[in-house]
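# Chain and residue survey
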Amino acid sequence: MRNASTLGDVSTAAIPQRFAGATLIVIALVLVVFDAVGVSMTPNTCSILLLTVMAVIGFAIHKTPGGITSLIGLLFLGTLVFIVPRPLFALVTQDDSAYTLLFGRLVEPRGPDLYRLLAFWTIGVASLFGGYFLFFCNTRRDLTPLGDRHRTYCKRSFIVAIIIVAILLPVLLHKRFGAFATGGYAALYLNQAESGFSLLPLIGYLSPTLFALAVIIGEKRYSRLMVVAVMAYALCGVVFGKRMEVGTWLLIVLWHFSTVRCKPIRIGRLLVGFAVVGYAFQWIQMVRDGAQSGSVADHPVIVDFLISQGITFMIPALSWQLSPPPLHTIIGSLLSMRHVYRALGIGSIETANMVDYITAQSSPALFEAGNGLDSSAFLDIFYICGRVIVFYAAACGFLGCLLRKWEEKAFHSNAALFFLCTCLPALFSIQRSGVANITSPIVFISMFMITTYILSAVLTVIETNEFAWKGIRAEN
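Note that the structure is a prediction, hence the values are computed from the model and not measured.

## A closer look at the overall build of the protein
- In terms of regular secondary structure, the protein is built from 20 helices and 2 strands.
- For the protein, the residues scored as buried account for 50% of the 476 residues in total.
- When contacts within the protein are restricted to residue pairs at least 6 apart in sequence, long-range pairs at least 24 apart make up 78% of them.
- Accessible surface for the protein amounts to roughly 22000 Å². Of this, 67% is attributable to carbon and sulfur atoms.

## Brief notes about a positive patch on the surface
- Together, Lys 220, Arg 224, Arg 261 and Lys 263 line one region of the surface with positive charge.
- Mapped onto the secondary structure, Arg 261 falls in the loop between helix 9 (243-260) and helix 10 (267-289).

## Some points on the packing of helix 9 against helix 19 (residues 414-427)
- The interhelical angle for the contact between helix 9 and helix 19, taken along N-to-C directions, is 145°, at an axis separation of 8 Å. Note on element contacts: helix 19 touches helix 9 through Leu 417, Leu 420, Cys 421, Leu 424 and Pro 425, opposite Thr 248, Trp 249, Ile 252 and Trp 255.
- Of the residues contributing to the contact of helix 9 with helix 19, the split by class is 8 nonpolar, 1 polar and no charged.

## Comments concerning the side chain of Asn 353
- Tracing the chain through its elements places Asn 353 in the loop between helix 14 (338-344) and helix 15 (354-362).
- Since its relative accessible area comes to 18%, Asn 353 is described here as buried.
- Engagement of the side chain of Asn 353 in a polar contact is seen with the backbone nitrogen of Asp 356, the distance being 2.9 Å.
- Discounting chain neighbours no more than four positions away, the residues touching Asn 353 are Thr 329, Gly 332, Ser 333 and Arg 338.

## Some remarks on helix 19
- Taking 1.5 Å as the rise per residue, helix 19 with 14 residues should run 20 Å; its terminal C-alpha atoms sit 19 Å apart, in good agreement.
- At Cys 421, helix 19 shows its strongest bend, of approximately 30°, with the proline Pro 425 following within four residues.
- Most of helix 19 sits inside the fold, with 12 of its 14 residues counted as buried.
- When we look at burial in helix 19, the residues that qualify are Asn 414, Ala 416, Leu 417, Phe 418, Leu 420, Cys 421, Thr 422, Cys 423, Leu 424, Pro 425, Ala 426 and Leu 427.

## Digging into the environment of His 62
- Among the secondary structure elements, His 62 is positioned in helix 2 (residues 43-62).
- On the accessibility criterion, His 62 (63% relative accessible area) is exposed.
- Residues His 62 and Gln 17, 45 residues apart in the sequence, show an inter-C-alpha distance of 9.3 Å.

## A few points about the environment of Ile 25
- Residue placement: Ile 25 occurs in helix 1 (residues 15-37).
- Using a relative accessible area of 21% as the deciding quantity, one classes Ile 25 as partly exposed.

## Remarks on the packing of aromatic side chains
- The tally for this structure, following the rule as stated, stands at 20 aromatic pairs.
- When the ring of Tyr 132 is compared with that of Phe 136, the centres are 6.1 Å apart and the planes differ by 45°; the resulting orientation is tilted.
- Phe 136 gets classed as buried once you look at its relative accessible area, which sits at 1%.
- Geometrically, the ring pair formed by Phe 158 and Tyr 222 is edge-to-face, given 5.1 Å between the ring centres and 85° between the ring planes. Of this pair, Phe 158 sits in helix 6 (residues 148-192) while Tyr 222 sits in helix 8 (residues 220-239), and the two are 64 residues apart along the sequence. Note on accessibility: Phe 158 and Tyr 222 belong to one class, buried.
- Of the aromatic side chains, those joined through ring pairs into one cluster are Tyr 99, Phe 120, Trp 121, Phe 313, Trp 320, Phe 378, Phe 382, Tyr 383 and Tyr 392.
- In this structure, Arg 116 is placed above the aromatic ring of Trp 320, and the distance from its NZ or CZ to the ring centre is 3.8 Å.

## Digging into unusual backbone geometry
- A positive phi angle, close to 55°, is found at Gln 94, a residue other than glycine.
- Mapped onto the secondary structure, Gln 94 falls in the loop between helix 4 (85-93) and strand 1 (101-103).
- Positioned with a positive phi, Arg 387 is a non-glycine residue whose angle comes to about 60°.
- Along the chain, Arg 387 turns up in the loop between helix 17 (377-384) and helix 18 (389-410).
- Exposure remark for Arg 387: the relative accessible area of 44% places this residue in the partly exposed category.

## Side note on the nonpolar core
- Core analysis: the biggest nonpolar cluster contains 125 residues, and Ile 57, Phe 129, Phe 133, Phe 158, Phe 211, Trp 255 and Tyr 392 have the highest contact counts within it.
- Setting aside its immediate chain neighbours within four residues, Phe 129 contacts Leu 24, Ile 57, Ile 72, Leu 75, Phe 76 and Thr 79.

## Describing the pattern of salt bridges
- Summed over the entire model, instances satisfying the criterion amount to 6 salt bridges.
- Taking the shortest distance from any N to any O, the salt bridge between Arg 404 and Glu 407 comes out at 3.0 Å. With a gap of 3 residues between them, Arg 404 and Glu 407 both fall in helix 18, about one helical turn apart. There is no split in this pair, since Arg 404 and Glu 407 are both buried.
- Residues joined by salt bridges that share partners form a network here, namely Arg 151, Lys 155, Glu 219 and Arg 221.

## Here we look at helix 1
- Compared with the 33 Å implied by 1.5 Å per residue over 23 residues, the 33 Å span of helix 1 between its first and last C-alpha is a close match.
- If you check which residues of helix 1 are buried, you get Gln 17, Ala 20, Gly 21, Leu 24, Ile 27, Ala 28, Leu 31 and Val 32.
- Tucked into the core, helix 1 has its buried residues touching helix 2, helix 5 (112-134) and helix 18.
- Immediately downstream of helix 1, the backbone of Gly 38 shows phi near 80°, a positive value.

## Remarks on the confidence of the model for the protein
- When pLDDT is averaged along the protein, the result is 83; 82% of the residues meet or exceed 70.
- The least confident element of the protein is helix 10, whose mean pLDDT is 69; the most confident is helix 5, at 96.
- Within the model, pLDDT remains below 50 along residues 1-12, and this stretch shows 35 contacts once partners closer than five positions in the same chain are excluded.
- Throughout residues 291-297 the model reports pLDDT below 50, and contacts reaching past four residues in sequence, or to other chains, amount to 15 contacts.

Rules used throughout
Residues numbered from 1 in each chain as written. Predicted model: local features only at pLDDT ≥ 70, side-chain atom pairs only at ≥ 80, totals over all residues. Heavy atoms only, no water. Helix = DSSP H or I, 4+ residues; strand = E, 2+ residues; numbered from the N terminus. Buried < 20%, exposed > 50% of the residue type's maximum accessible area, 1.4 Å probe, protein only. Contact = heavy atoms within 4.5 Å. Areas by Shrake-Rupley, 256 points an atom, 1.4 Å probe, with all protein chains shown as cover. Patch = residues over 30% accessible without salt bridge, like charges linked within 9 Å, V, L, I, M, F, W, Y side chains within 5 Å. Salt bridge = Lys/Arg side-chain N within 4 Å of Asp/Glu carboxyl O. Lys, Arg positive; Asp, Glu negative; His and termini not counted. Charge placed at Lys NZ, Arg CZ, Asp CG, Glu CD. Axes fitted to C-alpha atoms, helices over the stretch in contact; angles between N-to-C directions. Nonpolar A, V, L, I, M, F, W, Y, C, P; charged D, E, K, R; others polar. Polar contact = N/O pair within 3.5 Å; in protein donor to acceptor, adjacent residues only side chain to side chain. Expected span 1.5 Å × (residues − 1). Bend = angle between axes of the 7 residues up to and from the residue. Phe/Tyr/Trp six-rings, centres within 6.5 Å; stacked < 30°, edge-to-face > 60°. Lys NZ or Arg CZ within 6 Å of the ring centre and 35° of its normal. Core = buried A, V, L, I, M, F, W, Y, C linked by side-chain atoms within 4.5 Å. pLDDT = per-residue confidence, 0-100.

Here's what the structure looks like:
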């Protein structure tokens, strides 16, 4: 693979990262102990602690090859966008209106409830990044070039995937445009919320598959075809209100240039690009809503963008007002089981996963109209751990360590790099997407690759036999 040797830059030592990781783990443990003994801080103090955690993470990322455009750097950027804005705004302005959410139910955590919410995020973020940096080691290992047989298999898989995407993409565009033309964004979101069986979600799995295969193959023509397909899919999303699809692919582009192609990106350009994208995304939301959006009026558009994205911070407080979800809902947050549940008659549409459960329980009318809220992998982990904060902290720390080991493996294993690339859209948005957004692609893309492997093996046998018959006829 071209540029394979540039997948990891080696620095002289990993002491700063490990020190930062240990600091983060200690902060998380202190809050866990406080929870166990019933001690709490003031919300302002906990907000400062959360910002301290962010500063420690930022220091570790600064010392990490690739900086903010590395895998962990872009994960941190998502944390800054989705979790930090509301606590920061409330701390600076001393305006608690940032801690207000109205979605069927009114959520206004104050005092101990607000501390619990701040501690939830501080523990989760500190544990995840602490686990990543605690055993950090700088590594630079070259990928073994693909052999002819594996390269042929990857190319055939790419061709199958690009054909499926080319067929389904016009269908998806027609369906979204038809829904938008009949009832605007309300009809569009209602159409997207349908739970009936459809092949269209395959595009969401095959687009990152195309990207992963293009990275593994490393040839320009496959990369160009991938770029065309991904751009068409992302633009189809942003035109009809799905900004997150474009946002995650922009982050993937940054990661690809920085990590795979080893091209430095200046921080000034990143800041300008972030401001432009944030303004554009907020403008799209204002057009969609038909009014000034954001929870705080009379502020610059970029501030409204950050506060509106920071709604993710409030989701746990909303979920805590509801009854505990059924067991199958929690399982559905581990792996997408919607259609399996429907076939077996288990539960209902409203209880397929945590996102649907929170939305439907908070406002059935809004849920039926296609409106919804995002969940978070942190919240899924919390419920998977039985809402026990010490298990939640341990699970986040373990997953952070696992992410780093996965990334290290991707420096020298094509298979690990392939699955890392396929999961990047979900990894860069785990703050506002569920665990199933990571596990489901791994399962379904594995099934796709197994199918294309069988197809490739059959074609290889046919080609081998045909070559042998040609040799026999030539001898005769």
